[in-house]
Amino acid sequence: MRLPGYGTLIPVALLLGFAPFYPEPHLVGKVRMLLAGTLSRPLDVFDLFWHTWPFALLLARIVIDLKGKRGAS
């Protein structure tokens, strides 16, 4: 599987992960709900997933790149 480059992943993660920016990013609100145990509506769970997946792809890209560099040494 080939992941997009950092030039794509970082802006997408920042824009989608933190949209809407005002009054509070959805991701911040959904994580608060998750930690408080109030994340129960299916729409809220989907919203958490939707705003988190770009960060998951970015993390996967970082891990793959680090493993590749470690194996090349």
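Description of the structure in this document. The shown structure was predicted, so the numbers you read here are calculated from the model rather than taken from an experiment.

Along its 13 residues, helix α1 (residues 6-18) runs 17 Å from first to last C-alpha, staying within 8% of the 18 Å computed at 1.5 Å per residue. Regarding α1, the residues found buried are L9, A13, L16 and G17. Down the axis of α1, the sector holding all buried residues measures 95°, keeping them to one side. The exposed set on the far side of α1, more than 90 degrees from its buried face, consists of G7 and L15.

Quick look at helix α2 (residues 26-36) now. Residue pairs three or four apart in sequence face the same way in an α-helix, which turns once every 3.6 residues. Taken residue by residue, α2 has L27, G29 and K30 as its buried positions. Down the axis, α2 shows its buried residues gathered within 165° of arc, on one side only. Exposed and facing more than 90 degrees away from the buried side of α2 are R32, L35 and A36.

Structurally, L39 can be placed in the loop between α2 and α3 (42-72). Contact partners of L39, with chain neighbours within four places excluded, come to K30, M33, L34, D44, V45 and L48.

Attention shifts here to the pattern of salt bridges. Working definition: two side chains of opposite charge can pair if their charged atoms are close together. Within the structure shown, the criterion is met by five salt bridges. For K30, the salt bridge is made with D47, and the minimal N-O distance between the two is 3.7 Å. With a gap of 17 residues between them, K30 in helix α2 and D47 in helix α3 connect regions that are remote in the sequence. Overall, the relative accessible area of 15% leaves D47 in the buried class. For D44, the salt bridge is made with R41, and the minimal N-O distance between the two is 4.0 Å. Overall, the relative accessible area of 7% leaves D44 in the buried class. Given the relative accessible area of 48%, R41 is considered partly exposed. Taken together, the shared-partner salt bridges connect K30, R41, D44 and D47 into one network.

Rules used in this analysis
- Residues numbered from 1 in each chain as written.
- Predicted model: local features only at pLDDT ≥ 70, side-chain atom pairs only at ≥ 80, totals over all residues.
- Heavy atoms only, no water.
- Helix = DSSP H or I, 4+ residues; strand = E, 2+ residues; numbered from the N terminus.
- Expected span 1.5 Å × (residues − 1).
- Buried < 20%, exposed > 50% of the residue type's maximum accessible area, 1.4 Å probe, protein only.
- Arc of directions from axis to C-beta.
- Contact = heavy atoms within 4.5 Å.
- Salt bridge = Lys/Arg side-chain N within 4 Å of Asp/Glu carboxyl O.

Honestly, it's all geometry; don't read function into it.
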